[in-house]
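So the chains spell out like this:
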Amino acid sequence: MKFLVMTLVSDKLRVGVLFGGRSGEHDISILSARSIINVLDKTKYTVVPIGIGRNGRWLSEGRSQQMLTPGYQRLEQDTTGPNKLLVSAEELGRLNEVDVVFPALHGPHGEDGTVQGFLDVVGVPYVGADVLGSAVGMDKAVMKALLSFHGLPVPDYQVVYKKELESDAQFVIGKVEKRFTYPFFVKPANLGSSVGISKVKSRGEVDDALSEAARWDRKILVEEAVDGREIECSILGNEEPVASVPGEIVPSREFYDYFAKYHDETTRLIIPADLSQELVKEVQRLAVLAFKVLDCSGMARVDMFLSRSTDKIYINEINTIPGFTSVSMYPKLWEASGLSYTGLLDKLIALALGRCQ
Ligand SMILES: Nc1ncnc2c1ncn2[C@@H]1O[C@H](COP(=O)(O)OP(=O)(O)O)[C@@H](O)[C@H]1O
Ligand SMILES: [Mg+2]
């Protein structure tokens, strides 16, 4: 009997959940990881939490567990460590024991292909997009160029470099004003959670908006403002991706900024979105196409704008590691489409292993 129990235990798949990390979305990542770890079916999986400090250092098992404790505050020690390398031999050893990794990391150094490349190099399968899909999905300029190359609708945009701003800001502003009417959006190319994004309503606000975006990135996007409803669709699959029912975000603020995303309880998620059958089909078709042309796999959430005046759909962005808390849109849309959160995690792990084979 004892032998049998041990065999069963060792048959469980070991899932390493990576979370925290260097990006501004460190705290959100911890929330995503907590939910994933809570929901993973413990009769099938042994969970190995792998926390990453704010400085990028991979943490021990004990420290990783500490990070997952509700009420956890930043560990000051995260900024120091005995080794030069951010991943020590001990942490590599822990990685060696897992069968598959779930990167619950959002933003740069996690959602952008870097961690994916590292996992490829060391030979561990992982959930979600591979290096290419992650990298193009992270960079809003490359993503939009690829989408429009394939004929998919995106808001009109222009790329501005920090270097150009430093050498002649007035010239850059002149070009922007020729192309766009107020209001328009200014955003860093590689970030998330609406950090560094401004809605610019007049000439007086342009300088500050560009400087703010330039604090975060050397590459900045200026975009026409679409007066639209914010529609999101979850995608699941590798070669034959499928779309969930669409959902809608209704922020009560000017736009879906950082505060609206994480602190404003009046932001509403409408699931499923109230759309005609034709629009649902069109949202799903465009979301699947975006997923394919950006070479994604496993999962992604495709965010769109539905113009209030014309019903035209614009693709705003793709998130290759969407939020995964119990109230996040990605799992919620699957629940509304008939797939439970636990079932969704099973599928994602199967897709990760399937891609490797
Ligand atoms: N071109 C645009 N037109 C209208 N609203 C926009 C536009 N770009 C961004 N926004 C608003 O800003 C929010 C965040 O922008 P987004 O490009 O999705 O960046 P992030 O990756 O930080 O989520 C959007 O959800 C939307 O509310
Ligand atoms: Mg967004």
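Right, let's get into the overall build of the chain. Along the backbone of the chain there are 13 helices and 13 strands. Against the compact-globule benchmark of 21 Å for 357 residues, the chain has a radius of gyration of 21 Å, which places it among compact chains. On the principal axes, the C-alpha backbone points of the chain span a range of 75 × 50 × 40 Å. Taken across its 357 residues, the chain has 41% of its residues classed as buried. Within the chain, residue pairs in contact and separated by at least 24 positions form 68% of the contacts whose partners lie at least 6 positions apart.

Let us now look at the pairing of strand β1 (residues 13–20). With six of eight residues buried, β1 lies mostly within the body of the structure. Sheet analysis places β1 next to strand β2 (residues 45–52), joined by eight bridges and oriented parallel. Across the sheet, residue L13 finds its bridge partner in β2, namely Y45. Two strands pair when backbone bridges link them, and β1 and strand β3 (residues 100–103) are joined in this way by four bridges, in the parallel orientation. Bridge pairing in β3 links G16 to V101.

Spatial ordering of the open sheet is given by β4-β7-β5-β6, a layout of four strands whose pairing is antiparallel. The sheet is open, and its two edges are formed by β4 (157–161) and β6 (198–200), each paired on a single side. Within this sheet the neighbouring strands show an average axis-to-axis angle of 25°, counted without direction. In this structure, strand β5 (residues 184–188) lies alongside strand β7 (residues 219–224), joined through five bridges in antiparallel fashion. Residue pairing across strands places F184 opposite E224, the latter belonging to β7. Against the sheet, helix α7 (residues 140–149) engages β4, β5 and β7, with an angle of about 50° to β7. Contacts from helix α8 (residues 162–179) reach β4 and β7 within the one sheet, and its direction differs from that of β4 by about 160°.

This next bit is on the site of ligand 1. As a matter of local geometry, ligand 1 sits amid 18 residues, with F185, E223, V226, F255 and Y256 nearest to it. At the level of elements, β5, β12 (298–307) and β13 (313–319) are the ones that each hand at least two residues to the shell around ligand 1. Counting contributing residues, the shell around ligand 1 receives three or more from each of domain 2 (138–153 + 227–356) and domain 3 (157–224).

Helix length check: helix α13 (residues 341–356) (16 residues) gives 23 Å between terminal C-alpha atoms against 22 Å at 1.5 Å per residue, within 8%. Among all positions in α13, only Y341, L344, L345, I349, L351 and A352 are buried. Seen from one end, α13 has its buried residues packed into an arc of 155°, which puts them on one side. Packing partners of the buried residues in α13 comprise β1, α2 (26–39), β3, β8 (228–237), β12 and α12 (329–336).

Tracing the backbone shows M299 in strand β12. Beyond its immediate sequence surroundings of up to four residues, M299 is in contact with G128, I235, L236 and L348.

The next thing to look at is the domain arrangement of the chain. For the chain, the assigned domains read domain 1 (2–126), domain 2 (138–153 + 227–356) and domain 3 (157–224). Its C-alpha centre places domain 1 at a distance of 36 Å from the equivalent point of domain 3. Taken residue by residue, the interface counts seven residues in domain 1 and five residues in domain 3. For the side of domain 1 that touches domain 3, the per-class residue count stands at two nonpolar, three polar and two charged.

Turning to helix α9 (residues 203–216), a few remarks are in order. Residues V206, A209, L210, A213 and A214 constitute the buried set of α9. Down the axis of α9, the sector holding all buried residues measures 130°, keeping them to one side. Exposed residues pointing more than 90 degrees away from the buried face of α9 are listed as G204, D208 and R215. Those residues of α9 that are buried are in contact with α8, β5, β6 and β7.

Cut-offs used in this document
- Residues numbered from 1 in each chain as written.
- Chains lettered and ligands numbered in written order.
- Predicted model: local features only at pLDDT ≥ 70, side-chain atom pairs only at ≥ 80, totals over all residues.
- Helix = DSSP H or I, 4+ residues; strand = E, 2+ residues; numbered from the N terminus.
- Rg over C-alpha atoms; globule rule 2.2 N^0.38 Å.
- Buried ≥ 20, exposed ≤ 12 C-beta atoms within 10 Å, placed from the backbone.
- Contact = placed C-beta atoms within 7 Å.
- Pairing = 2+ DSSP bridges.
- Axes fitted to C-alpha atoms, helices over the stretch in contact; angles between N-to-C directions.
- Near = placed C-beta within 6 Å.
- Domains from an automatic or database assignment.
- Expected span 1.5 Å × (residues − 1).
- Arc of directions from axis to C-beta.
- Nonpolar A, V, L, I, M, F, W, Y, C, P; charged D, E, K, R; others polar.

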